[in-house]
Amino acid sequence: VQLQASGGGLVQAGDSLRVSCAASGRTFSDTTMGWFRQAPGKEREFVAAMWRGNSRTYYADSVKGRFTVSRDNTKNTVYLQMNNLKAEDTGVYYCASSRSLILSNIMNPSGYANWGQGTQVTVSS
């Protein structure tokens, strides 16, 4: 599986932005998709995920109510809609996928087998 993230950019605090992740492969609907981010000097952290099959969503507390993850299985694409962006949302956003992830690892980067190249999101305050 190859993942290609896109849609990052420079925005102001309070703005919205949508990043996308296009995946190759024919079994996209059976794949758990996750979004992570990494700020300079910090570890990669979980942002959001959509579980395979039932598409249940999971979010980090810091983005709940502001970010929404969705997927379009016909386009093999997962989206992260980010509203009311804050300066602390700045970082490189990575999409990741796994077909064998167990639910208890959904927020753990090590649970994901495939990673995209990342897209930079910068929020100015």
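Our subject is the structure listed above.
Attention in this report is confined to the structure presented alongside it. Worth saying up front: this structure is predicted, and the values here are computed from it rather than measured.

Each value, and the rule that gives it
- Residues numbered from 1 in each chain as written.
- Predicted model: local features only at pLDDT ≥ 70, side-chain atom pairs only at ≥ 80, totals over all residues.
- Heavy atoms only, no water.
- Salt bridge = Lys/Arg side-chain N within 4 Å of Asp/Glu carboxyl O.
- Buried < 20%, exposed > 50% of the residue type's maximum accessible area, 1.4 Å probe, protein only.
- Disulfide = S-S within 2.5 Å.
- Helix = DSSP H or I, 4+ residues; strand = E, 2+ residues; numbered from the N terminus.

1. A short note on the pattern of salt bridges
So, step 1. This structure, assessed with the given rule, holds four salt bridges.
So, step 2. Note that Glu45 is salt-bridged to Arg37, the shortest N-O span being 2.6 Å.
So, step 3. Relative accessible area serves as the criterion here: at 36%, Glu45 is assigned to the partly exposed category.
So, step 4. Arg37 sits in the buried class, given a relative accessible area of 5%.
So, step 5. In the salt-bridge network here, residues are joined through shared partners; they are Arg37, Glu45, Arg66 and Asp89.

2. Brief notes about the state of the cysteines
So, step 1. Counted according to the given criterion, the structure contains one disulfide.
So, step 2. Here Cys21 engages in a disulfide with Cys95; their sulfurs sit 2.1 Å apart. Between Cys21 and Cys95 the disulfide shows an S-S torsion of about 65°. By sign, it is right-handed. Of this pair, Cys21 sits in strand β3 (residues 17-23) while Cys95 sits in strand β9 (residues 91-98), and the two are 74 residues apart along the sequence.
So, step 3. The exposure class assigned to Cys21 is buried, which follows from its relative accessible area of 0%.
So, step 4. Residue classification places Cys95 among the buried positions, given a relative accessible area of 0%.

Take it as geometry only, folks, not as evidence of what the structure does.
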